[in-house]
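Read off the chains here:
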Amino acid sequence: MGARIQITHDQAIDDGPSALIGARVQASDLRASASLVLAGLVADGETVIDRVYHIDRGYEKIETKLKKVGADIERLRESVTSPLQAQEEEAA
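In short, a report on the structure. (Residues numbered from 1 in each chain as written. Predicted model: local features only at pLDDT ≥ 70, side-chain atom pairs only at ≥ 80, totals over all residues. Heavy atoms only, no water.)

Before going further, it helps to spend a moment on the pattern of salt bridges. A complete count under the given rule lists three salt bridges for this structure. A salt bridge links arginine 24 to aspartate 50, with the shortest nitrogen-to-oxygen separation between them at 2.8 Å. Remark: aspartate 50 occurs in strand 4 (residues 48-50) and arginine 24 occurs in strand 3 (residues 24-26); sequence separation between them is 26 residues. Residue class for arginine 24 comes out exposed when judged on its relative accessible area of 55%. Given the relative accessible area of 21%, aspartate 50 is considered partly exposed. Between arginine 75 and glutamate 63 there is a salt bridge; the shortest N-O distance is 3.0 Å. (Salt bridge = Lys/Arg side-chain N within 4 Å of Asp/Glu carboxyl O. Helix = DSSP H or I, 4+ residues; strand = E, 2+ residues; numbered from the N terminus. Buried < 20%, exposed > 50% of the residue type's maximum accessible area, 1.4 Å probe, protein only.)

This part is about the side chain of arginine 75. By the secondary structure assignment, arginine 75 is in the loop between helix 3 (62-68) and helix 4 (85-91). A relative accessible area of 18% means that arginine 75 is categorised as buried. A distance of 2.8 Å separates polar atoms of two side chains, one belonging to arginine 75 and the other to aspartate 56. A distance of 3.0 Å separates a polar atom in the side chain of arginine 75 from a polar atom in the side chain of glutamate 63. (Polar contact = N/O pair within 3.5 Å; in protein donor to acceptor, adjacent residues only side chain to side chain.)

Moving on: the nonpolar core. In this structure, Val25, Ala27, Leu36, Val37, Ile49, Ile55, Ile62, Leu66 and Ile73 together form the largest nonpolar core, which totals nine residues. Breaking this core down by element, the ones donating at least two residues are helix 1 (30-42) and helix 3. Setting aside its immediate chain neighbours within four residues, valine 25 contacts Met1, Leu36, Thr47, Val48, Ile49 and Asp50. (Core = buried A, V, L, I, M, F, W, Y, C linked by side-chain atoms within 4.5 Å. Contact = heavy atoms within 4.5 Å.)

So, in structure tokens, the structure goes:
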């Protein structure tokens, strides 16, 4: 996403500010996943987050709550086994 972060032992140092760029990213745990959502909201361009079940464990319907405060966010599928909307539309 374009962040300049140096990681040493138990520290992460951000060499910012730097503009974030939308990207396809993968959620790995609850807190990191929430951070990816926030980073995606401020990034230029589109961010797609895979493995959102991590987010769902701690933040029920996070996209609905963020939309209420003006976020441009959407869930592409309801569950891990549901196909993406684009695949559904192509099949129709």
